[in-house]
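The residues making up each chain are set out below.
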Amino acid sequence: MKDKLKIVIALLIIVIIAVILIFVLKPFESKNNSINNDINSSSGNNRFKEIQYESYSVDTYELVNDSNTMIISSDDLQKYCSSITEEGLLDTLRKYDDEYFSTKSLIILRVQENSGGILDEVIGVNKDMQANKINVFIKRVAPEMGNAVMTTKNIIIELNSEEAINVSEVEIVPEGIDYE
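Here the structure is a predicted model, which is why all the values come from computation and not from measurement.

Reading the values: the criteria
Residues numbered from 1 in each chain as written. Predicted model: local features only at pLDDT ≥ 70, side-chain atom pairs only at ≥ 80, totals over all residues. Heavy atoms only, no water. Helix = DSSP H or I, 4+ residues; strand = E, 2+ residues; numbered from the N terminus. Buried < 20%, exposed > 50% of the residue type's maximum accessible area, 1.4 Å probe, protein only. Contact = heavy atoms within 4.5 Å. Areas by Shrake-Rupley, 256 points an atom, 1.4 Å probe, with all protein chains shown as cover. Pairing = 2+ DSSP bridges. Salt bridge = Lys/Arg side-chain N within 4 Å of Asp/Glu carboxyl O. Core = buried A, V, L, I, M, F, W, Y, C linked by side-chain atoms within 4.5 Å.

A. Representation of the overall build of the chain in the model. Counting secondary structure elements, the chain contains 5 helices and 8 strands. Put simply, the chain runs from its N terminus to its C terminus through helices and strands in the order α-α-β-β-β-α-α-α-β-β-β-β-β. Within the chain, buried positions represent 36% of all 180 residues. In the chain, 80% of the contacts between residues at least 6 apart in sequence involve partners at least 24 apart. Just so you have it, the chain exposes about 11,300 Å², and 55% of that area is on carbon and sulfur atoms.

B. Representation of the pairing of strand E6 (residues 133–142). Burial runs high along E6: 9 of the 10 residues are buried. Here strand E5 (residues 119–128) runs beside E6; their pairing, made up of 9 bridges, is antiparallel. If you follow Asp120 over to E6, its bridge partner there is Arg140. Between E5 and E6, which follow one another and run antiparallel, lie 4 residues, and Asn132 among them has a positive phi close to 50°. Bridging between E6 and strand E8 (residues 169–179) involves 9 bridges; their strand directions are parallel. Paired with Phe137 across the two strands is Val173, which belongs to E8.

C. Molecular detail of the pattern of salt bridges. Summed over all chains, the structure comprises 4 salt bridges. Between Lys95 and Glu158 there is a salt bridge, with the nearest N and O atoms lying 3.9 Å from each other. Here the residue Lys95 occupies a position in the loop between helix H4 (87–93) and helix H5 (98–101), and Glu158 occupies one in strand E7 (residues 151–160), the gap between them amounting to 63 residues. Take Glu158: its relative accessible area is 13%, and that puts it in the buried class. A single network of salt bridges, built from pairs that share partners, joins Glu87, Asp91 and Arg94.

D. How the structure looks around the nonpolar core. Ile107, Leu109, Ile134, Val136 and Ile157 are the most contacted members of the largest nonpolar core, which has 15 residues in total. Of all the secondary-structure elements, those providing two or more residues to this core are strand E4 (104–113), E5, E6 and E7.

Taken by themselves, the reported measurements are silent on function.
Here's what the structure looks like:
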């Protein structure tokens, strides 16, 4: 009888440990799959539309407020450029002209980081049709030890012009942080 009781207690402990591990580890699951699942599961009601895009970053050292800007014309770009002073970013933006904006648009994200070693990676972009906004999913990659140099990163996202129609907001959706 004591042996059966020991087995039952051991099994009960194993079940309790398994349940605890499930609840402890669940918050650390990657959200990357949920982005695509949200897009795919919602595609029937046209709430989200996955956007094809290209993205790259231009590092600057201006300290500015975080801002997300949709640029749909060369006039918009000129207004935006008049508000910044960083030559590296201005040089990058000079390649966009009337011909580019005839078929494409830009999103420029300015993200402040408390360490220049933190990398911001765009892992997805979708359009929320109901809210008339574009969601930009960003994952941060940080070194074990940062350098404590405040930086501003400019993330430029190129997309087709039709994706910018009726967009009133661009929102950054954080998708966690990985440590190197």
